[in-house]
Amino acid sequence: MPFEPFSLNCNGYFLRAERPLVMGILNATPDSFHAGSRVQAQQVGGAAGAMVEAGAAIIDVGGMSSRPGADLITAAEEQERVLPVIEAVRAADPEVVISCDTVYAATARAAVAAGAGMINDISAGRFDPELLPTVAALRVPYVLMHMPDATPATMQQHTQDYGEDVVTHVWDFLAEHLVRIRNLGVLDILVDPGFGFGKNQAQNYTLLKNLHAFQYLGVPVLAGMSRKGMVYKPLKIGPEESLSATAALNLYALQQGASVLRVHDVREAVQVVKLWQLLGG
């Protein structure tokens, strides 16, 4: 699918995408599924700098694991984890766009005050009713993701919720929430079909094969498959061994119209984007 250039106003910084962007994952968590993405405070500047040098346009900072089975933490605990990381990333690079991965309005406000310019939300605003009005007031881009009406702890119990057509179910969910979020005044929105969030292996791959359908929502499409179970479990390996397989699926996602790749391994994802361009993307 052809790439459509897009622009995002990220807390006063104008991000113009002439080719697919790479979003690097920086986890301020003790329990994220991929150990290589976890950072300590003293490592933040170097990790963020390495991502930017490798070509990351956005760094996504998260303080709460959303892997299957994970429990939610409080907003206060989340802020204790993410705010020092956001401040350290901003100090290391005043221009890189920082995304905060949160479901809480209070964290969103504090993160933007600390230097974040985007909010990435797994809940579509369903866990905290103040989140979406807060994002609208902050006037920052928002990543709308599909997940069943559940939490990470219970979402894998809902893989039968989609009927016979997971693509139509997810598309309709995103379309409905897009209208609602726009009506609240959020200007820049990206959509994420939520690979691994309440989907089984067959559903994940059906969504990937039909990722181009989400372009018809009229906003950039984010693909986040990096080192997830859909990548490594079919190969009977672990997440630490799944870099090459992730790269293969990321290339396919670009061919299917992805505008942003959310990844643990920035350098390799940037290489994938360059090869995609050589293929006529």
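In this report, we go over the structure that sits alongside the text. (Residues numbered from 1 in each chain as written. Predicted model: local features only at pLDDT ≥ 70, side-chain atom pairs only at ≥ 80, totals over all residues. Heavy atoms only, no water.)

### Re the side chain of Thr 102
Piece 1. Tracing the backbone through its elements, the reader meets Thr 102 in the loop between strand S5 (97-101) and helix H3 (105-114).
Piece 2. Judged by its relative accessible area of 1%, Thr 102 is buried.
Piece 3. At a separation of 3.1 Å, a polar atom in the side chain of Thr 102 contacts the main-chain amide nitrogen of Tyr 104.
Piece 4. When residues no more than four places from it in sequence are discounted, the contact partners of Thr 102 are Glu 78, Thr 107, Ala 108, Ile 119, Asn 120, Asp 121 and Leu 131. (Helix = DSSP H or I, 4+ residues; strand = E, 2+ residues; numbered from the N terminus. Buried < 20%, exposed > 50% of the residue type's maximum accessible area, 1.4 Å probe, protein only. Polar contact = N/O pair within 3.5 Å; in protein donor to acceptor, adjacent residues only side chain to side chain. Contact = heavy atoms within 4.5 Å.)

### So, the sheet that holds strand S10 (residues 260-263)
Piece 1. Here 8 strands make up an open sheet; going across it, the order is S8-S7-S6-S5-S4-S3-S10-S9 and the pairing parallel. Whereas interior strands pair on both sides, the edge strands pair on one side only; in this sheet they are strand S8 (189-192) and strand S9 (222-223).
Piece 2. Helix H9 (residues 266-278) contacts strand S3 (21-27) and S10 of the sheet and is inclined by roughly 165° relative to S3. (Pairing = 2+ DSSP bridges. Axes fitted to C-alpha atoms, helices over the stretch in contact; angles between N-to-C directions.)

### Overview of the packing of aromatic side chains
The relation between two aromatic rings is expressed through the spacing of the ring centres and the mutual angle of the planes.
Piece 1. Inspection of the entire model under this criterion finds 2 aromatic pairs.
Piece 2. On the numbers, 6.4 Å between centres and 80° between planes, the contact of Phe 3 with Trp 276 is edge-to-face. Here Trp 276 lies in helix H9 and Phe 3 lies in the segment before strand S1 (6-10), a separation of 273 residues in the sequence.
Piece 3. For Phe 3, a relative accessible area of 16% puts it in the buried group.
Piece 4. Through a chain of ring-to-ring contacts, three or more aromatic side chains come together here, namely Phe 3, Phe 6 and Trp 276. (Phe/Tyr/Trp six-rings, centres within 6.5 Å; stacked < 30°, edge-to-face > 60°.)

### A short note on the environment of Asn 250
Piece 1. Counting through the fold element by element, Asn 250 comes out in helix H8 (residues 243-255).
Piece 2. Taking C-alpha positions, Asn 250 is 8.6 Å from Val 273, a pair spaced 23 residues apart along the chain.
Piece 3. With near-sequence residues (within four places) excluded, Asn 250 lies in contact with Met 225, Leu 261, Val 263 and Val 272.

### Some words on empty space enclosed by the protein
Picture a little ball the size of a water molecule; that probe, rolled over the atoms, points out where space is still empty.
Piece 1. With the rule as written, the count across this model stands at 2 cavities of 30 Å³ or more.
Piece 2. Taken as a whole, the largest cavity holds about 60 Å³ of empty space.
Piece 3. Lining the largest cavity are Met 64, Ser 65, Ser 66, Glu 78, Asp 101, Thr 102, Val 103 and Ile 122.
Piece 4. For the lining of the largest cavity, the per-class residue count stands at 3 nonpolar, 3 polar and 2 charged.
Piece 5. What the second largest cavity holds in volume is close to 40 Å³.
Piece 6. If you go around the second largest cavity, the residues you meet are Leu 243, Thr 246, Ala 247, Asn 250, Val 263, Asp 265, Glu 268 and Ala 269.
Piece 7. Elements that contribute at least two residues to the lining of the second largest cavity include exactly H8 and H9.
Piece 8. For the lining of the second largest cavity, the element with the most residues is H8, which contributes 4 residues.
Piece 9. In the lining of the second largest cavity, the residues fall into 4 nonpolar, 2 polar and 2 charged. (1 Å grid on protein atoms, 1.4 Å probe; cavity = no way out; pocket = protein on both sides within 12 Å on 5 of 7 lines; lining within 4 Å. Points joined across faces, edges and corners; volume = space filled by probe spheres on them. Nonpolar A, V, L, I, M, F, W, Y, C, P; charged D, E, K, R; others polar.)

### Notes on the layout of surface pockets
Piece 1. The space that makes up the second largest pocket amounts to roughly 270 Å³.
Piece 2. Looking at the lining of the second largest pocket, the element that brings in the most residues is S1, giving 3 residues.
Piece 3. When the residues that make up the lining of the second largest pocket are grouped by side-chain class, the tally is 10 nonpolar, 5 polar and 2 charged.

### Some points on unusual backbone geometry
Piece 1. Residues other than glycine seldom take positive phi values, yet Asn 11 does so here, at roughly 55°.
Piece 2. Positionally, Asn 11 belongs in the loop between S1 and strand S2 (13-17).
Piece 3. You can call Asn 11 partly exposed: its relative accessible area is 38%.
Piece 4. In the Ramachandran plot, Arg 139 falls in the positive-phi region, its phi being about 60° despite a non-glycine side chain.
Piece 5. Among the structural elements, Arg 139 can be located in the loop between helix H4 (131-138) and strand S7 (142-145).
Piece 6. Relative accessible area serves as the criterion here: at 53%, Arg 139 is assigned to the exposed category.

The values reported here are purely geometric and, on their own, carry no functional implication.
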